[in-house]
Amino acid sequence: MTGRNAIEIRGISKSFGSHCVLDNIDADIEAGQTVAFVGPSGCGKSTLLNCIVGTLSPSSGTISVWNDAKERPVPVDGPGRDRGIVYQRYSLFPHLTAIANVAFGLMLDETSVGFRCLHPLRWRRLKHLHFEKAAAMLEKVGLGEAKDKYPGELSGGMCQRVAIAQALVMRPRVLLMDEPFGALDEATRESLQRLMLQLYQENLEARAEGLHPPHTVIIVTHEIEEAIFVGDRIIALSQVGRESKGARIVYDERQPVFSPESPKDRLRIASIKDSVVKTAFQSDES
Amino acid sequence: MLQSPISATRRTVLGLLSILVLLIGYTVLSGLKHRENPEDKTIPTWTQLGDGMLTIIEKPVPTNPVLAAALGPEVQRQDQQSMLVRDLKATGTRFLLGYGTSVVIGLILGTAMGSLLSLEALTIMPLRLASRIIPTAALAVFFVLAGTDLSMYVAMIVFGTLPAIAIGVSREIASFPRELRYKAYTLGASHLELIWDAFLPVRAPEIIEIVKSTIGPAMVYLLAAELLVANQGFGYTIRIFSRKLDMTVVYPYLLILAFFGFLFDFVLRKTQVKLCPWHNKLG
């Protein structure tokens, strides 16, 4: 059985010394959602993401991730394989080819150093399976032909595709992305956004067949257009007018879903952006 | 324009020219010296150097049976080997044992230090202090503590190079990108797997570079100790012949040592290319 919520964020506050960054954040992320966290730089959206990854522990509150084995949400305690992460940079292991990078997680998860040393033959068979899975995953993210290249030989956009495949092959409960396309040029960025929309389409197809949606995504971005295009829900954080008390959720709405194939409806995105900005970030000034 | 590229042919020709100039310069210098004193051995002629090399590689003839008997079977057996073989064995054993120990312990210690910051905090001060002490100047300490046999040379090389290796390796491991470390954990890595499958392979090129940079110092420390106290080995032979102002053996020996320097460098460079094919493909 799988719960409705992939992630439950309950009363998260985070201070660095006397500097309060997050103030009592509550949110439930449903399975199959693509939630975009937006907000001005320094508003704590990356801090919140790091709390979800488990690399930062909140000052108070808990974050729980749905655990299939225990059939209940389990509080986050450090980074774990139920949460995949794609960073803006240092996304890939430089010493592994693209396909080996994707198979890397399967190896780490399913084997140990001891097993690989003691059972070389069994490990070779298993490795073969891992590489088959990895190849299929690379094909899916559109990188089939570059699978034997090293990250140093790949462009920024290709690296991020591999990084997404690397996270997805682990079938994480949630895919976390921290400004994943921030360093890419406009065209590459849009093609990767469309990749995210394709993943969302798989969710819709699974739902139509009564299955569990496979991809839950949290994407942190400072670009509201990207959030609107990729996300089906936008959560805006802001500490405008309350700098010393930390950021709170100032906006949390469902968004229309765009199709991965049709051209970007810039007018519609712009009009949604206007309303987001008005409700989220200008309420204090008016 | 400065730094304009040159052709490969020009590079080769200029390189060969430099060697030619060295050889001619030496011959002229040696000729001048021998005009004053035909017996001179400080800048030997090519013939003298040839004789010196024969001394090095030929097995010594037991000229004086009485002396050989007096020196005992130990010395007799040693005399069955040519000078070069004898010295290679002695110096080689000391070097491989000392430097091998240093590299293995340095790698393990450095990796552990780079991974566990408490261990780093605990060990960094003594290591820094040790790395500042000049091993050749502290030779007397090694005599007292480790005698004058093999263990002294090993201790000397380890003391001289281990701090540099451990500190260098720990720095490389500690500067492993945070994002990649987090990522490895989200992919299900254990602590051991993080070290074995991420830290070490990703930092392998830099670690090999560190090892490469300590070979020179290791040889310096070993040779210095041999020059002072050994009764066989490269340093010993150089000391004996230098005392007689006989360079016919010393010059070839210096070249042989330089050759080993080149060899180690070459082997490590090849290892780096072989182990880290991705390294030179970084954009």
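Now for a description of the structure that goes with this document. This one's a predicted model, so the numbers in the text were calculated from it and none came from an experiment.

## Description of the sheet that holds strand S2 (residues 19–30) of chain A
Sheet strands associate in pairs through backbone hydrogen bonding, adopting either a parallel or an antiparallel arrangement.
Residue and element names in this part refer to chain A.
Step number 1: The 4 strands are arranged S2-S1-S4-S5 in an open sheet whose pairing can be described as antiparallel. For this open sheet the edge positions go to S2 and strand S5 (72–75), each flanked by a neighbour on one side alone. Going across the sheet, the axis of each strand differs from the next one's by a mean of 25°, ignoring polarity.
Step number 2: Pairing of strand S1 (residues 5–16) with S2 involves 8 bridges; the strand directions are antiparallel. Bridge pairing links Ser15 to Cys20 in S2.

## Focus: helix H6 (residues 186–208) of chain A
Residue and element names in this part refer to chain A.
Step number 1: The end-to-end C-alpha separation of H6 is 33 Å, in line with the 33 Å expected for 23 residues at 1.5 Å each.
Step number 2: Within the sequence span of H6, burial applies to Arg189, Glu190, Leu192, Gln193, Arg194, Leu195, Met196, Leu197, Leu199, Tyr200, Asn203 and Ala206.
Step number 3: Of the residues flanking the end of H6, it is Gly210, one or two places downstream, whose phi is positive at about 75°.

## Looking at a nonpolar patch on the surface
All names here are of chain B.
Step number 1: A cluster of nonpolar side chains, Ile6, Leu14, Leu17, Leu20, Val21, Ile24, Val28, Leu29 and Leu32, forms an exposed patch at the surface whose accessible area comes to about 810 Å².
Step number 2: Counting through the fold element by element, Leu20 comes out in helix H1 (residues 8–36).
Step number 3: By relative accessible area, which is 47% here, Leu20 ends up partly exposed.

## Examining the environment of Ile25 of chain A
All names here are of chain A.
Step number 1: Within the fold, Ile25 resides in strand S2.
Step number 2: Sequence separation between Ile25 and Ser13 is 12 residues, and the spatial gap between their C-alpha atoms is 6.6 Å.
Step number 3: Beyond its immediate stretch of four places on either side in the chain, Ile25 contacts Ile9, Arg10, Gly11, Ile12, Leu48, Leu237, Ala247, Arg248 and Ile249.

## Considerations on the pairing of strand S6 (residues 83–86) of chain A
Residue and element names in this part refer to chain A.
Step number 1: The two faces of S6 match: Arg83 and Ile85 on one face and Gly84 and Val86 on the other face are all buried.
Step number 2: For S6 and strand S7 (residues 174–178), the ladder comprises 4 bridges, and the chain directions are parallel. Bridging from a neighbouring strand, Arg83 pairs with Val174 of S7.

Quick notes on the rules
Residues numbered from 1 in each chain as written. Chains lettered and ligands numbered in written order. Predicted model: local features only at pLDDT ≥ 70, side-chain atom pairs only at ≥ 80, totals over all residues. Heavy atoms only, no water. Pairing = 2+ DSSP bridges. Helix = DSSP H or I, 4+ residues; strand = E, 2+ residues; numbered from the N terminus. Axes fitted to C-alpha atoms, helices over the stretch in contact; angles between N-to-C directions. Expected span 1.5 Å × (residues − 1). Buried < 20%, exposed > 50% of the residue type's maximum accessible area, 1.4 Å probe, protein only. Patch = residues over 30% accessible without salt bridge, like charges linked within 9 Å, V, L, I, M, F, W, Y side chains within 5 Å. Areas by Shrake-Rupley, 256 points an atom, 1.4 Å probe, with all protein chains shown as cover. Salt bridge = Lys/Arg side-chain N within 4 Å of Asp/Glu carboxyl O. Contact = heavy atoms within 4.5 Å.

No statement about biological role is implied by the geometric values presented.
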